[in-house]
Amino acid sequence: MVGGLLIAYAGVVAVATVAAWWGVHSREIAQARNASRQRSDAIAAALKGEIAERLKSDDRGAARALLADLAASQQLTTARVTLGDGTVVLDARDAAAVASKLPAKWPSSVASSASSLASREVVEVAGKGPIVIEIDAGEPTEAMSDLETFTLAGGGLCVAIVIGLGIAARRRTRSLAEVGDALAAIAAGEQDLKAVRVREALAGSGAAWNALVDELSTLRLRKRLEEASERRTSASVVATATSEDVVARLADSLWIGLVGLEPDMRVRYCNGAAGIFLGSTRDKLVGKPAAECFSDAAAKNELGKLADARSRARLIFETTVGEGEGATVLRVSARPLNGGGAMLVLEDVTQQRIADRSRNAFVEQATHELRTPLTNIRLCMEELLDAPESDVAKRAQHLNVVNQEVRRLERIVGDMLSISEIEAGTLQLTPADVRLAPVFEEIQADFTQQAKAKNLRLTFALPPKLPTMVGDRDKLTLAITNVLGNAIKYTPEGGDVTVSVRADDKELIVQIADTGIGMSPDDASKVFERFYRAKDPRVSKITGTGLGLALARDVVKLHGGDIGVESIKDKGSTFTIRVPLSAPLRHAA
Ligand code: ADP
């Protein structure tokens, strides 16, 4: 009886225990499911913005990498992105299901879902359409199987109950031990949260622990996403800032001016060169009407044409900014832009225009200078031919003139060739031993006639003996005759021109002094520059190119020497040429 009662008692206790256990455990299962669902929701919500952002910029690769990373680190059973009609855009677990190509036009609505497990987030990808993000953080599978095992075992025999109770007790202690291990692992620095999950035993502590771990991993995930998003934003800010910066810096390093105009023809942008060319600063130019940036009426008129909406053609015009010496000649190319506004490209062509003017003057002078000796030669030859029987003295006189004029022609042609060589940077010396005495004799013979014609006293102060030097005879002669020619050219009638030559055992010194128009200190410092002519009205009346002294200086420098000038306005000038007798000759660059 007692035995029967005992068995009955044990049976009641067992049934009560089973009932209590069932109640507790099904609550744990529900809790676990809930936690998993919450985790899926949190992941999907955190992910949607990032995925949409990447798909918006057509970066499916980056979106895929993010999803795959999360699916692996969070042990997601489902991580999928679909279009409204179910086309799979990304799937971290089933690559085969992913559509290789997305339709050009995405469905604008989203079909309802068949899956009840996964968390679904619908998010709009700007400019494309809605996408569905499905995340499933997985079920507490171990707990499920434990439950099933237990259900099979539960409700029956006391033995089974007692065994079940024993197992439960062991599991509880085991799960507590696992939690302890996990805590120890975290304390030791374990970062991988799936490693510190414990098996969800049939006791509250394991599930509760895992819920905590899941929550922590969701938090960490959110933080990672936020960081990634911040990095991307700051990266794109840096990228845009940098590319704008680079473009602005490039534009500023250009030596052509760039001006961007608004549709109402106001300056919207200008680079540094444009500011300088227009004699202003960037700050002052921005916002100013384009026509006000230019002073001359022709430029304003041209810009007016640009503003005319019907004119789409490119305009090119030249305009002068500033006055006097500092005036700049600008070539302006204006191009209307699609959608209104225009772009102006400014080039400084001042030097080009000066060179053009000088070249024209040079051609003019060369023609003039060539014509005079040619006329003289023709006249002499005609006389010789007309009167073949004329006396010997007369014939000799004519032949002498022809000889002189031919030499003059040679000199002019030589000058022209040298000038073109200087301009091309190919002026070369042909060095040889140069006996200096005959050089000066020839020069004297060449210029005596010219000086006389202009009523100038030309004096040569030569030492009794002149040495021989190493150099290019023709080029040296050219340098000296250019300076001497100037002395005669820039000295009014009745003046004096003196050529003094000295030589020691090291160098030759030639001084050419005149009592001519002289020049200001500023002009004197510039006369050796190519194309430079003094700002003296008397100079502009005399033909010249501004190249003679530049050529003389180049030749002297190639011989290792130097040339200089001392001058007093209205009193005269003295040019001094110094050339070493045996310096190693430099070759033109
Ligand atoms: P140009 O063909 O003009 O004479 P140059 O190069 O020979 O060119 O001389 C440059 C300028 O130097 C001249 O235009 C003139 O203004 C000035 N110059 C040269 N020689 C003299 C001089 N002897 N007296 C005054 N001015 C001179």
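Residues numbered from 1 in each chain as written. Predicted model: local features only at pLDDT ≥ 70, side-chain atom pairs only at ≥ 80, totals over all residues. Heavy atoms only, no water.

## Focus: the overall build of the chain
Here's step 1: Scanning the chain from terminus to terminus reveals 15 helices and 16 strands.
Here's step 2: Buried residues in the chain amount to 39% of all 589 residues.
Here's step 3: For the chain, the proportion of contacts with a sequence separation of at least 24, taken over those separated by at least 6, is 60%.
Here's step 4: Summed over its atoms, the accessible surface of the chain is roughly 32,500 Å², and 57% of this surface lies on carbon and sulfur atoms. (Helix = DSSP H or I, 4+ residues; strand = E, 2+ residues; numbered from the N terminus. Buried < 20%, exposed > 50% of the residue type's maximum accessible area, 1.4 Å probe, protein only. Contact = heavy atoms within 4.5 Å. Areas by Shrake-Rupley, 256 points an atom, 1.4 Å probe, with all protein chains shown as cover.)

## Quick word on helix α8 (residues 297-307)
Here's step 1: Buried within α8 we find Ala299, Glu302, Leu303 and Leu306. Down the axis of α8, the buried side of the element spans an arc of 100°, and every buried residue falls inside it. Facing away from the buried side of α8, by more than 90 degrees, are the exposed residues Ala297 and Asn301.
Here's step 2: Against β5 (257-261), β7 (315-321), β8 (328-336) and β9 (342-348) lie the buried residues of α8. (Arc of directions from axis to C-beta.)

## A look at the confidence of the model for the chain
Here's step 1: In the predicted model, the chain carries a mean pLDDT of 79, and 77% of its residues have values of at least 70.
Here's step 2: Every residue in residues 1-25 scores below 50 in pLDDT, and together they form 15 contacts with partners more than four places removed in sequence or on other chains.
Here's step 3: Taken together, the stretch residues 140-167 has pLDDT below 50 and engages in 29 contacts with residues farther than four places along the chain or on a different chain. (pLDDT = per-residue confidence, 0-100.)

## Here we look at the site of the ligand
Here's step 1: The immediate surroundings of the ligand are formed by 21 residues, with Asn486, Tyr490, Arg533, Thr545 and Leu549 found nearest.
Here's step 2: Contact distances for the ligand include 3.2 Å between an oxygen atom and a side-chain N or O atom of Lys489.
Here's step 3: When isolated, the ligand has an accessible area of 530 Å², and the protein chains bury 98% of it.
Here's step 4: When residues of the shell around the ligand are traced back to their parent elements, those giving at least two are α12 (473-489), α15 (548-558) and β16 (572-580).
Here's step 5: Considering every element that reaches the shell around the ligand, the biggest residue donor is α12, with three residues.
Here's step 6: Class assignment of the residues belonging to the shell around the ligand gives a composition of eleven nonpolar, seven polar and three charged. (Near = heavy atom within 4 Å. Polar contact = N/O pair within 3.5 Å; in protein donor to acceptor, adjacent residues only side chain to side chain. Nonpolar A, V, L, I, M, F, W, Y, C, P; charged D, E, K, R; others polar.)

## Some words on the sheet that holds strand β1 (residues 78-83)
Here's step 1: Taken in spatial order, the four strands of this open sheet run β2-β1-β4-β3, and their pairing is antiparallel. The open sheet terminates on both sides in strands that have one partner only, identified here as β2 (88-91) and β3 (119-125). Each strand axis lies, on average, 20° off the axis of its neighbour in the sheet, ignoring direction.
Here's step 2: Two strands pair when backbone bridges link them, and β1 and strand β4 (residues 129-136) are joined in this way by six bridges, in the antiparallel orientation. Bridge pairing in β4 links Thr78 to Asp136.
Here's step 3: Together, β1 and β2 form the strand contacts of helix α2 (residues 60-73), whose direction differs from that of β2 by roughly 40°. (Pairing = 2+ DSSP bridges. Axes fitted to C-alpha atoms, helices over the stretch in contact; angles between N-to-C directions.)

## A closer look at the pattern of salt bridges
Side chains that differ in sign of charge can pair as their charged atoms come close.
Here's step 1: In total, this model carries 22 salt bridges according to the counting rule given.
Here's step 2: With a shortest N-O distance of 3.2 Å, Lys48 and Glu121 are connected by a salt bridge. With Lys48 in helix α1 (residues 2-56) and Glu121 in strand β3, this residue pair connects regions lying 73 residues apart in the sequence.
Here's step 3: One salt bridge in this structure joins Arg282 and Asp252, with 3.0 Å as the shortest N-O distance. Taken as a pair, Arg282 in helix α7 (residues 282-285) and Asp252 in helix α5 (residues 204-253) lie far apart in primary sequence, 30 residues in all.
Here's step 4: Take Arg282: its relative accessible area is 32%, and that puts it in the partly exposed class.
Here's step 5: Judged by relative accessible area, which is 31%, Asp252 ranks as partly exposed.
Here's step 6: Each of Asp536, Arg538, Lys569 and Asp570 takes part in one network of salt bridges that share partners. (Salt bridge = Lys/Arg side-chain N within 4 Å of Asp/Glu carboxyl O.)

## Section: the sheet that holds β16
Strand pairing within a sheet occurs via backbone hydrogen bonds; the two strands may be parallel or antiparallel.
Here's step 1: Reading across from one edge, β11-β13-β14-β16-β15 is the order of the five strands in this open sheet, with mixed pairing throughout. With partners counted over all chains shown, the strands left at the sheet margins are β11 (457-461) and β15 (562-568), one partner each. Between one strand axis and the next, the sheet turns by 10° as a mean value, whatever way the strands run.
Here's step 2: Note: strand β13 (residues 496-503) against strand β14 (residues 507-514), seven bridges, orientation antiparallel. Bridging across to β14, Ala503 finds its partner in Leu508.

## Considering α15
Here's step 1: Counting buried positions over the eleven residues of α15 gives eight, a clear majority of the element.
Here's step 2: Three or more residues of α15 are buried, namely Leu549, Ala550, Leu551, Ala552, Asp554, Val555, Val556 and Leu558.

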